[in-house]
Amino acid sequence: MALTNSGKSALNLFDVQDDFSKYEKMRDRGLDASKIYLETRIDGKDPIMLIRMLRRVFTLSLVEAKEVKVKAEGLANSLEEYQERFIPALESAFNEINEIEESENASSRLQK
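Computed from a prediction, not measured in an experiment: that's the story for all the values here.

**Student:** Where do I start with the packing of aromatic side chains in this structure?
**Tutor:** For any pair of aromatic rings, the description consists of the separation of the ring centres together with the inter-plane angle of the planes. On inspection of all chains with the given rule, the structure shows 1 aromatic pair. Aromatic side chains Tyr82 and Phe86 sit 5.3 Å apart centroid to centroid with 90° between the ring planes, which places their arrangement in the edge-to-face category. For Tyr82, a relative accessible area of 25% translates into the label partly exposed.

**Student:** Which parts of the structure should I look at to understand the nonpolar core?
**Tutor:** The nonpolar side chains of a soluble globular protein tend to be buried, and buried together. Judged by nonpolar contacts, the single largest core of 16 residues is most densely connected at Phe20, Tyr23, Tyr37, Met53, Leu54 and Val68. Counting only elements with at least two residues in this core, the list comes to helix H2 (21–28), helix H3 (33–42), helix H4 (47–58) and helix H5 (62–72). The element contributing the most residues to this core is H4, with 6 residues. Non-local contacts of Leu54, meaning those with residues more than four positions away in its chain, are made with Ala33, Tyr37, Thr59, Leu60, Ala65 and Val68.

**Student:** For this particular structure, what's the right way to read the pattern of salt bridges?
**Tutor:** Note that side chains of opposite charge can pair when their charged atoms are close. Following the criterion strictly, the structure yields 7 salt bridges and no others. A salt bridge links Glu73 to Arg41; the nearest nitrogen and oxygen atoms lie 3.2 Å apart. Here Glu73 is found in the loop between H5 and helix H6 (79–84), whereas its partner Arg41 is found in helix H3, with 32 residues between them in sequence. For Arg41, a relative accessible area of 42% gives the class partly exposed. Between Glu67 and Lys71 there is a salt bridge, with its nearest N and O atoms 3.6 Å apart. One end of the pair, Glu67, and the other, Lys71, are both in helix H5, 4 residues apart, so they sit about a helical turn from each other. Of the residues examined, Lys71 reaches a relative accessible area of 43% and is grouped as partly exposed. Put simply, Lys22, Glu39 and Asp43 are held in one network by salt bridges that share partners.

About the thresholds
Residues numbered from 1 in each chain as written. Predicted model: local features only at pLDDT ≥ 70, side-chain atom pairs only at ≥ 80, totals over all residues. Heavy atoms only, no water. Phe/Tyr/Trp six-rings, centres within 6.5 Å; stacked < 30°, edge-to-face > 60°. Buried < 20%, exposed > 50% of the residue type's maximum accessible area, 1.4 Å probe, protein only. Core = buried A, V, L, I, M, F, W, Y, C linked by side-chain atoms within 4.5 Å. Helix = DSSP H or I, 4+ residues; strand = E, 2+ residues; numbered from the N terminus. Contact = heavy atoms within 4.5 Å. Salt bridge = Lys/Arg side-chain N within 4 Å of Asp/Glu carboxyl O.

Geometric descriptors of this kind do not, in isolation, establish any biological role.
Written as structure tokens, this is what we have:
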């Protein structure tokens, strides 16, 4: 089994339980999810760890945790508002793909 730089096997890295006791204590002192999320970020935790922390410490669904993230980072007032910003770019990309496919189909028909 391959070892990582820390000497732990790669498989064991995924078996380790996250220690969120610091954040649980902050919650117990009355800090809200947004403030604790930002503190966790300052602590240098990776984005997946941040979402896991929110879900475990506050018993949130994935959608609820993502909503906390979006609000805490000041990206939007809600997850829905944040995601709606992607609609024009997605529609444009889909339209471009459809135009390319239609052009390729027309070329294919002409070659027959």
